Amino acid sequence: MRAAGAILLALLLLAGMPVRAQEDATPATPPETAPAPMAAAVQTERIEIGLSTDSIAITSDFSGAELTIFGAVDNVDPMIQRQGRYDIFVILEGPTNDLVTRRKGRVLGIWMNVDSQAYLDVPESFLIASTRPSQDIASSETLERLSLGVKNIRLRPYVQGTETVDDIATFTEELRRLKAQKNLYEEFPSGVHFISQSLFRATLQLPANVPLGRHTARAYLFRQGTLVAQTQSTLNIRKAGVEFQIYTAAQTQSLLYGMAAVALAFVIGWLGRVLFRKD
Amino acid sequence: MALYLPIAEMSVNIFVVLGMGAAVGFLSGMFGVGGGFLITPLLIFYNIPPAVAVATGANQVVASSVSGVLSHLKRGTVDIKLGSVLLVGGIAGSTVGVWIFSILRTLGQLDLIVSVLYVVFLGIVGGLMMQESVRAMLRQRAGATVSLRRPGAHMWIHKLPFKMRFKASKLYVSVIPVLALGVMIGGLSAVMGVGGGFIMVPAMIYLLKVPTNVVIGTSLFQIIFVSAYTTVVQATTNHSVDVILALLLMMGSVVGAQYGAKAGQRLRGEQLRALLAALVLLVALRLGYALFVVPDEIYSISRNFVL
């Protein structure tokens, strides 16, 4: 029993990280812990994911790619595994930003933005893969509580401000829809496969416009509809190549960048004159 | 061949952009205008974000104006003093313009205002030019000689104080309308991404009565510096100058301008102005039409706003 307690402690420590990350968004959510093990069979499953690298550099011609994440489940109950009652979610969540959703309306016949609703800490991307469609894995309350699924991504409207629309729910759903339309919020209901009793592989499709920055990869292990373990690690996505250096320069060295752009224009204008001189 | 634009954050076909630059360069060489008022709408039609189209358009205008002003300097058809006074106003106007540009962007109204300004200004200038050139053509058919400048006609503008002598333009005029014109063009340069030649040239001819031979050179001279200033300010405040896009446009337009200038020499002045007017009106109509069409997507997401 003492040994089991030590393992459970280790698991809690392991689970501590994702829980803390979640608390930033929703402080009310109680930490999800593994159920106490049965006295006879010590069954504390653990889940781990391995990213072969902690950063991905995408080149300027990046047109989307498949991202494969490998993982392992420890202490698998062979019986339950044979029955296919273990399920896994793997999520890659992009950096968050404050965004605004705007709605056009007709004013004097002209279409212009009239209403807007701001949102705080919106994930720029959210890709989720699972062994089966999520509704077959756990109850909708559990899925909602853990933000599993595109429709469960927490979108927090900013309501303190004076500019708030009457139909916030419509704006929230439109924000979700626009993100999904650009493949930034996407579900892969059969994206996770067990390749052995304890090893699994998750495949996510990174869209061409994948946001840059720190992404969080999370994995959740469900046994018979109950969350038993979770883990997370981070993945940096950055741009590589000359284009990225240009982008960085425009953001951080903007004065020099602007002057260089003007200098370039002078040189090309002058060259054009010299090369095609006719007087 | 696809090329990724780092600031616009999208891929474009390199030949389409070069072709766009060449076509606009051809027209600007033919008509002696900077071409900014064509470049920016074309980029917007090609789905470049308007903020990037405007800022990059200003950058491209620098190159085509440098190219153009060199031959005018050689011929001595630049009034540097008049150009400098216009420039002082232009810098002030551009500063205010970029500031307004930023505010409009956070309010989500930039795209609309840019389109409306284009429709209004292109509509007015195109309409006036068309009217004037058609009249000139009719008059010429009747056998009369045509002169754009009627030096005897004095207006209220010439009664204003703070007069200054501009030798190269043979002009003795108050600095107030000159500065005001500069401010207006500077503001337009920032918000619309144009050099403003299409407004500057008629304003100098009709309002200030500057002789036609120095108008284009002087306008180009001041446009270089106002556009250069606008480019730098856009780069520092809005980070929206795409240097790769600008480079492609410049290369296309510099080459196109040479052939355009040759083609322009074969056409008569009034015909040239009527053609340019038709083109300007066409762009205005196309942009105006887009304002009234039901958009594909009513909702949009943006990162530019203030809480």
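Our subject is the structure that appears above.
Residues numbered from 1 in each chain as written. Chains lettered and ligands numbered in written order. Predicted model: local features only at pLDDT ≥ 70, side-chain atom pairs only at ≥ 80, totals over all residues. Heavy atoms only, no water.

1. A look at the pairing of strand β13 (residues 226–239) of chain A
Residues and elements named next belong to chain A.
Turning to step 1, where the next piece is worked out: Across 4 bridges, the pairing between strand β2 (residues 55–58) and β13 is parallel. Within β13, the position partnered with Ile56 by the bridge is Ile237.
Turning to step 2, where the next piece is worked out: As defined by bridge partners, strand β12 (residues 213–223) adjoins β13 across 11 bridges and the pair is classed as antiparallel. Bridge pairing in β13 places Phe222 opposite Leu227. (Pairing = 2+ DSSP bridges. Helix = DSSP H or I, 4+ residues; strand = E, 2+ residues; numbered from the N terminus.)

2. Observations regarding the packing of helix α6 (residues 254–275) of chain A against helix α8 (residues 212–237) of chain B
Turning to step 1, where the next piece is worked out: Put simply, α6(A) and α8(B) touch, their axes get as near as 7 Å, and they point 150 degrees apart. Classified by the interaxial angle, the pair formed by α6(A) and α8(B) is roughly antiparallel. Where α6(A) crosses over α8(B), the handedness of that crossing is right-handed. Between α6(A) and α8(B), the residues in contact are A:Ser254, A:Leu255, A:Tyr257, A:Gly258, A:Met259, A:Ala261, A:Val262 and A:Phe266 and B:Ile224, B:Ala228, B:Thr231, B:Val232, B:Ala235 and B:Thr236, respectively.
Turning to step 2, where the next piece is worked out: Residue composition of the contact of α6(A) with α8(B), grouped by class: 10 nonpolar, 4 polar and no charged. (Axes fitted to C-alpha atoms, helices over the stretch in contact; angles between N-to-C directions. Parallel < 35°, antiparallel > 145°, perpendicular 65-115°, else oblique. Left-handed = near helix turned anticlockwise from the far one by under 90°. Contact = heavy atoms within 4.5 Å. Nonpolar A, V, L, I, M, F, W, Y, C, P; charged D, E, K, R; others polar.)

3. A few points about helix α5 (residues 242–252) of chain A
Turning to step 1, where the next piece is worked out: If you check which residues of α5(A) are buried, you get A:Glu243, A:Ile246 and A:Ala250. In a view along the axis of α5(A), the buried residues occupy a sector of 60 degrees, so they form one face of it. In α5(A), those exposed residues whose orientation departs by more than 90 degrees from the buried face are A:Gln245 and A:Thr252.
Turning to step 2, where the next piece is worked out: On its buried face, α5(A) is in contact with α6 of chain A together with β1 (2–5), α8 and α9 (243–265) of chain B. (Buried < 20%, exposed > 50% of the residue type's maximum accessible area, 1.4 Å probe, protein only. Arc of directions from axis to C-beta.)

4. What about the interface of chain B and chain A?
Turning to step 1, where the next piece is worked out: Every contact between the two is made by 51 residues of chain B and, on the other side, 53 residues of chain A.
Turning to step 2, where the next piece is worked out: Buried area between chain B and chain A, both sides added, is near 4800 Å², and the carbon and sulfur share of it is 67%.
Turning to step 3, where the next piece is worked out: For B:Arg303, the salt bridge is made with A:Glu124, and the minimal N-O distance between the two is 3.2 Å.
Turning to step 4, where the next piece is worked out: Here the side of chain B that touches chain A gets 9 residues from one element, more than from any other, and that element is α9(B).
Turning to step 5, where the next piece is worked out: A breakdown of the residues in the side of chain B that touches chain A according to their chemical character gives 32 nonpolar, 13 polar and 6 charged.
Turning to step 6, where the next piece is worked out: Judged from the 4 bridges that link them, strand β5 (residues 96–107) of chain A and strand β5 (residues 299–302) of chain B form a sheet pairing that is antiparallel. Residue pairing in the sheet places A:Arg103 in a bridge with B:Tyr299 of β5(B). (Buried area = accessible area lost by both parts, 1.4 Å probe. Salt bridge = Lys/Arg side-chain N within 4 Å of Asp/Glu carboxyl O.)

5. Focus: the nonpolar core
Turning to step 1, where the next piece is worked out: Counting 73 residues, the largest nonpolar core has B:Phe37, B:Ile48, B:Phe198 and B:Met204 as its most contacted members.
Turning to step 2, where the next piece is worked out: Ignoring anything within four residues of it in the chain, the contact list for B:Met204 reads B:Leu82, B:Leu86, B:Leu181, B:Lys209, B:Val210, B:Val215, B:Thr218 and B:Ser219.
Turning to step 3, where the next piece is worked out: Counting 30 residues, the second-largest nonpolar core is a separate cluster that includes A:Ile58, A:Leu67, A:Ala202 and A:Val228. (Core = buried A, V, L, I, M, F, W, Y, C linked by side-chain atoms within 4.5 Å.)

6. Quick notes on the packing of aromatic side chains
Turning to step 1, where the next piece is worked out: Summed over the entire model, instances satisfying the criterion amount to 4 aromatic pairs over all chains.
Turning to step 2, where the next piece is worked out: For the pair A:Phe194 and A:Phe200, a centre-to-centre distance of 6.4 Å together with 70 degrees between the ring planes defines the contact as edge-to-face.
Turning to step 3, where the next piece is worked out: Accessibility expressed as a relative area gives 25% for A:Phe194, which makes it partly exposed.
Turning to step 4, where the next piece is worked out: Assessed through its relative accessible area of 0%, A:Phe200 is described here as buried.
Turning to step 5, where the next piece is worked out: Where B:Phe221 meets B:Phe225, the ring centres are 5.4 Å apart and the plane angle is 70 degrees; that geometry is what we call edge-to-face. In this pair, B:Phe221 and B:Phe225 are both assigned in helix α8, 4 residues apart and thus about one turn of the helix distant.
Turning to step 6, where the next piece is worked out: Here B:Phe221 falls in the buried class, since its relative accessible area comes to 12%.
Turning to step 7, where the next piece is worked out: Overall, B:Phe225 belongs to the partly exposed group, its relative accessible area being 33%. (Phe/Tyr/Trp six-rings, centres within 6.5 Å; stacked < 30°, edge-to-face > 60°.)

Honestly, that's just the spatial picture; any functional story needs more than this.
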